[in-house]
Structure formats: structure tokens, C-alpha cells
Amino acid sequence: MNVLIIGSGGREYSIARALKNDLKVKNIFFAPGNGATENFGKNIDIKDYNLLADFAKQNAIELTIVGPEDPLTNGVVDIFKSKNLNIFGPSKNAAQLEGSKVFMKNFLKKHNIPTAKFIETDDLKKVSDFIDTMSAPIVVKADGLCAGKGVIIAQTKEEAKEAAKNMLSGESFGDAGKKVVVEEYLDGFELSVFAICDGENYILLPAAQDHKRLLDNDKGPNTGGMGAYCPTPLATDELMQKISQDLIKPTVDGMKKDGNPFEGVLFAGVMVVKNIPYILEYNVRFGDPECEEIMALIDSSVFDLFDKASKKQLDKLSIKFKNKVAIGVVAASKDYPYKSSAPALITVSQKDSENAHISYAGVTKKDDGLYANGGRVLVSVGLGSDIKEARKNAYELLKNVRFDGMQYRGDIAYQALEK
Ligand code: AMP
Ligand code: GLY
């Protein structure tokens, strides 16, 4: 079988790494891939989705897997399906769960799925009146995609009003902020919960915890994620059961009922407050770096998982997970997340092993080797029988990785070690 993976990050690298173990998978293509994905296949440079679908036809691609949200919200799945191509991911309509916070919150309300109390509006007066009924902190969110920056947690009512004003005027986020969601602050612990969905059925994956801030002790600016671990002991079987029944099932059922059956990866950002789980947000794709750990833990065919999901056959599949913990530590370039950094040669003096490997993300290939190309450069993934061992394996490997300006957090999975 030939597989096409859309995307260029560590997430897509880790999916290919898992697929490569599958004897069914013959050739893997990446659009566009990164400097290291050619370890597993061939990078192709086709940006137009219609032309990409033509490429898939010509190269007998059996399955296309979409990594990031942008192609999904831009309708790549609809285009591929209209040409009878098999693709794993949500339609443009279903991808609105991530693409529009207004759509998401109204969906949650309509289907009685627990979430923070909110209003959505484009009217500053309504925002102001609602804020006057709340107590700080208050959360203000731009409607559209803002690369993870569209959420302001305001410590005072005045700050919340100011943030909403700047969004509504277009000053903060352009058109993405022309509508806002204002909501109550939920104070609990966060989980990243992933369900592979086929429109009707779903398979829940072990829950992960991400580390969004740049620096140790959750200090510094927000990032795409500086590390994650999975499964987390905070997600007990009882809590996962509740999340499945109270959040994921009504989401999958509600999307189907509304005529937007959800196929693909449903990523629920869950806040657990006093043992009750609430949806903070949905994403419609794997988290990065959460995907890198989950892929390393799956002990069944990843090809079958995505293939059956794209063919509405998940009810016929069960998958196994290794009885291990995985932790991923992101190494980022010098000026991340503020600006891009000059390319820096990467040296790695320890080979990938069964219990520690690298998933490459922001890298380019030159004649003399791989170069860090800005942003999140790579993820060191450690596996172990417990968190301590997994952590040791991830950090030991990272000690053998160097590039100018490399920065990483030293406290990934602290939540679980404090427990
Ligand atoms: P989002 O993009 O909606 O996930 O928001 C980004 C981050 O902001 C989340 O991962 C949470 O840490 C935080 N956040 C968002 N909404 C809330 C809320 N209602 N209460 C507390 N924290 C929130
Ligand atoms: N790591 C969080 C995300 O991918 O959105």
C-alpha cells in the first residue's frame, strides 16, 4: 500500500515512523514533509489540493492522512473524497469544531455537553454587560484560528473588556477576532484526550498532558507545546469512562445528527474540575507533541487504525497499547516562539533505540547533515515502564543532541511525579 501524509512536523514524522513498521505499507509520500521525513519515504512539493489529489491517483495512494488543521479547515478532505480517494480526516464542515470557537461553543450548548459558561458575539456592549456579571479571571477568545494565540486569560474585568475590544476591532487578530467568545475560567487540571472517529464509532486513546509554556514551572509565553507524556495517571479509568460517555460520545453523536459526521482525530482539550470533565476546546487533528508519544505506544497496525476509520469500519477493530509510558521533550530553536533563528547544524551522538528515539520536526537537510530550521526542531521520545524511566530515557538521549541555541524544558511530566 502507498500512503500520503500531509504536513511537515514531528507529528507527521512520528506517524510515518509507526506506519513503517507495518508490512502492508510500501511507499510513504509527504506533502511537504521535512528534512528528515525522507528517512521513511519521499517528499513532494505540491501545494494545490486538486493537484495533490491527482498525484494521489497517479501514484496509487491507498490512504492519505492529514496532520495539521489548516488543510482540514480548507477542505482538503472534501476535495480528495470528491475524487473517490480514501483520506483520513474531517470534512471542512466538521473541521469547524476547531476552525471556529463560536461554532464549537454553540455545538456544545445545543448538545448539552459540559463546557464553561459563555457568550459569543460581535457586539462590544453585550461583551461588556456579560463581563459585568462575572468575576475574574475571565477568558476571552477570538473566534477563528490564531495559531494558538487567540485566548486571553484576563485577571480583571477591565483587562477582559480591553482584550475583547482589541479583538472585535480587528486590531489583535484581524478577521479571526471579528467575533469573540467570553467565558468563565475553569480551575482544574487539563488533559489532552484523543479519539479516532469514523463518523459513528470511535476508539479512545490513552490521555496525555501537554506543556504549553516555554519554560520550566509553566513560566514564559505559550507555545505549540514543549513536551507531553502519555498515559497520565491523572486520567483514571473512571475519569476516562466519564470523558467517553459525557464528552466524546455526545460529540460524535451530535456531529452525526447535525449532518457533519466526524471522521478523523477528535482532540478534546478537557479541563477536569472537582472530578467533572468539561470541554475547553476541540482540535480536529493530533496534538503535537502528543502524537509522538501516542504513536510510540500503539502496539497494533496504525495503518489499519486510520484506514478502518476512513472506511467507517472502526467497530470491527480493536487496538492494543504497549504497557509503557512515553514522554516527549521538545528541543526548540534559540528564539522560539518569538522569531525564527538562523539554521544550525544538528549533531546526534546516540542512535535511536527501542526505548528512546527522535521525531524530527523543524529541520532541513543539507549536504553536511540536518539543520535546525527554527521553531520546534525535534522531540526526544523516551519509553519506560514508569514515568521516571521514560523521562530518564528521553533526557539521556537529549544530552546527546546538540545544535546552536537549543532550548528545552527540564520538567516534562512534573504533574505525574508530584502526584
Ligand atoms: P484553547 O485554545 O481554547 O485550548 O485555550 C488555550 C489554553 O487556554 C487552554 O489550554 C487552557 O490552558 C486555557 N483556557 C482556555 N479556556 C479556558 C477556560 N475557560 N478556563 C481556564 N483555562 C482556559
Ligand atoms: N500540543 C497542542 C496542540 O497541538 O494543539
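Residues numbered from 1 in each chain as written. Chains lettered and ligands numbered in written order. Predicted model: local features only at pLDDT ≥ 70, side-chain atom pairs only at ≥ 80, totals over all residues. Heavy atoms only, no water.

Student: Hey, could you run me through the sheet that holds strand β4 (residues 61–66) in this one?
Tutor: Strand-to-strand pairing in sheets goes through backbone hydrogen bonds, with the strands running parallel or antiparallel. The strand order β3-β2-β1-β4-β5 describes an open sheet built from 5 strands, whose pairing is parallel. Only two strands of the sheet have a single neighbouring strand rather than two, namely β3 (42–43) and β5 (87–88). In terms of strand pairing, strand β1 (residues 2–7) meets β4 through 5 bridges, oriented parallel. By the bridge assignment, Ile-5 is partnered in β4 with Ile-65. (Pairing = 2+ DSSP bridges. Helix = DSSP H or I, 4+ residues; strand = E, 2+ residues; numbered from the N terminus.)

Student: Sorry, what's going on with the site of ligand 1 here?
Tutor: Not every one of the 15 residues close to ligand 1 is listed here, only the nearest: Glu-183, Glu-184, Leu-186, Glu-190 and Glu-281. Contacts to ligand 1 include Glu-190, whose side-chain N or O atom sits 2.5 Å from an oxygen atom. Of all the elements in the fold, those that place two or more residues in the shell around ligand 1 are β7 (138–142), β8 (151–154), β9 (180–184) and β17 (276–283). Here the shell around ligand 1 is built from residues that sort into 8 nonpolar, no polar and 7 charged. (Near = heavy atom within 4 Å. Polar contact = N/O pair within 3.5 Å; in protein donor to acceptor, adjacent residues only side chain to side chain. Nonpolar A, V, L, I, M, F, W, Y, C, P; charged D, E, K, R; others polar.)

Student: Mind showing me how you'd approach the pairing of strand β23 (residues 369–372) here?
Tutor: It is a general feature of regular strands that their side chains alternate between the two faces of the sheet. Bridge count for strand β19 (residues 344–345) against β23 is 2 bridges, and the pairing is antiparallel. Each bridged residue has a counterpart across the sheet, and for Ala-344 the counterpart in β23 is Ala-372. In this structure, strand β22 (residues 363–366) lies alongside β23, joined through 4 bridges in antiparallel fashion. Each bridged residue has a counterpart across the sheet, and for Lys-365 the counterpart in β23 is Leu-370. Between β22 and the antiparallel strand that follows it, β23, lie 2 residues.

Student: What is the right way to look at helix α9 (residues 237–257) in this model?
Tutor: One full turn of an α-helix is made of 3.6 residues, so residues set three or four places apart face in the same direction. The end-to-end C-alpha separation of α9 is 28 Å, in line with the 30 Å expected for 21 residues at 1.5 Å each. Of all the bends in α9, the greatest measures close to 35 degrees and is centred on Ser-244. Looking at α9, one finds that the buried residues are Leu-239, Met-240, Ile-243, Ser-244, Leu-247, Ile-248, Pro-250, Thr-251, Val-252, Gly-254 and Met-255. Those residues of α9 that are buried lie in contact with α5 (96–99), α6 (101–110), β10 (189–198), β11 (202–204), β16 (263–273) and β17. (Expected span 1.5 Å × (residues − 1). Bend = angle between axes of the 7 residues up to and from the residue. Buried < 20%, exposed > 50% of the residue type's maximum accessible area, 1.4 Å probe, protein only. Contact = heavy atoms within 4.5 Å.)

Student: So what exactly am I meant to see when it comes to the state of the cysteines here?
Tutor: What makes a disulfide is a covalent bond joining the sulfur atoms belonging to two cysteines. The tally for this structure, following the rule as stated, stands at 0 disulfides. Here Cys-230 is not cross-linked by a disulfide; its sulfur's nearest cysteine counterpart is in Cys-291, at 10 Å. Residue class for Cys-291 comes out buried when judged on its relative accessible area of 0%. (Disulfide = S-S within 2.5 Å.)

Student: Quick question: what am I supposed to make of the sheet that holds β22 here?
Tutor: In space, the 3 strands of this open sheet follow the order β19-β23-β22, with antiparallel pairing throughout. This sheet does not close on itself; its edge strands, each paired only once, are β19 and β22.

Student: What should I look at first to understand the environment of Arg-391 in this one?
Tutor: Topologically, Arg-391 is positioned in helix α12 (residues 387–399). Those residues in contact with Arg-391 that sit more than four places away from it in its chain are Ile-327, Gly-410, Asp-411, Ile-412, Ala-413, Tyr-414 and Leu-417. From its side chain, Arg-391 meets the backbone oxygen of Asp-411 in a polar contact 3.4 Å long.

Student: Help me understand the nonpolar core, please; the structure alone is not making it clear to me.
Tutor: For soluble globular proteins, the rule of thumb is that nonpolar side chains tend to be buried together. With 75 residues, the main nonpolar core has Leu-19, Ile-196, Phe-286, Phe-306 and Leu-378 as its most contacted residues. When residues in this core are grouped by element, the largest group, 7 residues, is from strand β18 (residues 325–332). Excluding residues within four positions of it along the chain, Leu-378 makes contact with Val-329, Val-330, Ala-331, Ile-346, Ile-358, Ser-359, Tyr-360, Ala-361, Leu-398, Val-401 and Phe-403. Leu-52, Leu-72, Val-76 and Ala-207 belong to the second largest nonpolar core, which has 45 residues in total. (Core = buried A, V, L, I, M, F, W, Y, C linked by side-chain atoms within 4.5 Å.)

Student: Help me understand the pattern of salt bridges in this model?
Tutor: When their charged atoms lie close together, side chains carrying opposite charge are able to pair. Counted under the stated rule, the structure contains 25 salt bridges. In this structure, Asp-258 and Lys-110 form a salt bridge, with 2.8 Å as the shortest nitrogen-oxygen distance. Taken together, the residues Asp-258 in the loop between α9 and β16 and Lys-110 in helix α6 connect sequence positions 148 residues apart. When its relative accessible area of 29% is taken as the criterion, Asp-258 is described as partly exposed. Look at Lys-110 and you get exposed, because its relative accessible area is 57%. The residue Glu-120 makes a salt bridge to Lys-179 at a minimum N-O spacing of 3.7 Å. With a gap of 59 residues between them, Glu-120 in strand β6 (residues 118–121) and Lys-179 in the loop between α8 (157–168) and β9 connect regions that are remote in the sequence. Judged by its relative accessible area of 32%, Lys-179 falls in the partly exposed class. It is possible to trace a salt-bridge network through shared partners that takes in Asp-22, Lys-24 and Asp-304. (Salt bridge = Lys/Arg side-chain N within 4 Å of Asp/Glu carboxyl O.)

Student: Please explain the site of ligand 2 as it appears in this structure.
Tutor: In the region of ligand 2, the neighbouring residues are Asp-210, Gly-224, Phe-267, Arg-285, Gly-287, Asp-288, Pro-289 and Glu-290. Gly-224 is positioned with one of its backbone polar atoms (N or O) 3.0 Å from a nitrogen atom of ligand 2. Arg-285 places a polar side-chain atom, nitrogen or oxygen, 2.9 Å from an oxygen atom of ligand 2. Burial of ligand 2 by the protein amounts to 88% of the accessible area it has alone, namely 190 Å². For the shell around ligand 2, the residue count by class is 2 nonpolar, 2 polar and 4 charged. (Areas by Shrake-Rupley, 256 points an atom, 1.4 Å probe, with all protein chains shown as cover.)

Student: Please explain the side chain of Thr-64 as it appears in this structure.
Tutor: Here Thr-64 is to be found in strand β4. Thr-64 sits in the buried class, given a relative accessible area of 1%. Among all residues touching Thr-64, those that are not within four sequence positions of it are Leu-4, Ile-6, Phe-80, Asn-86, Ile-87 and Phe-88.

Worth remembering: the numbers are spatial, not functional.
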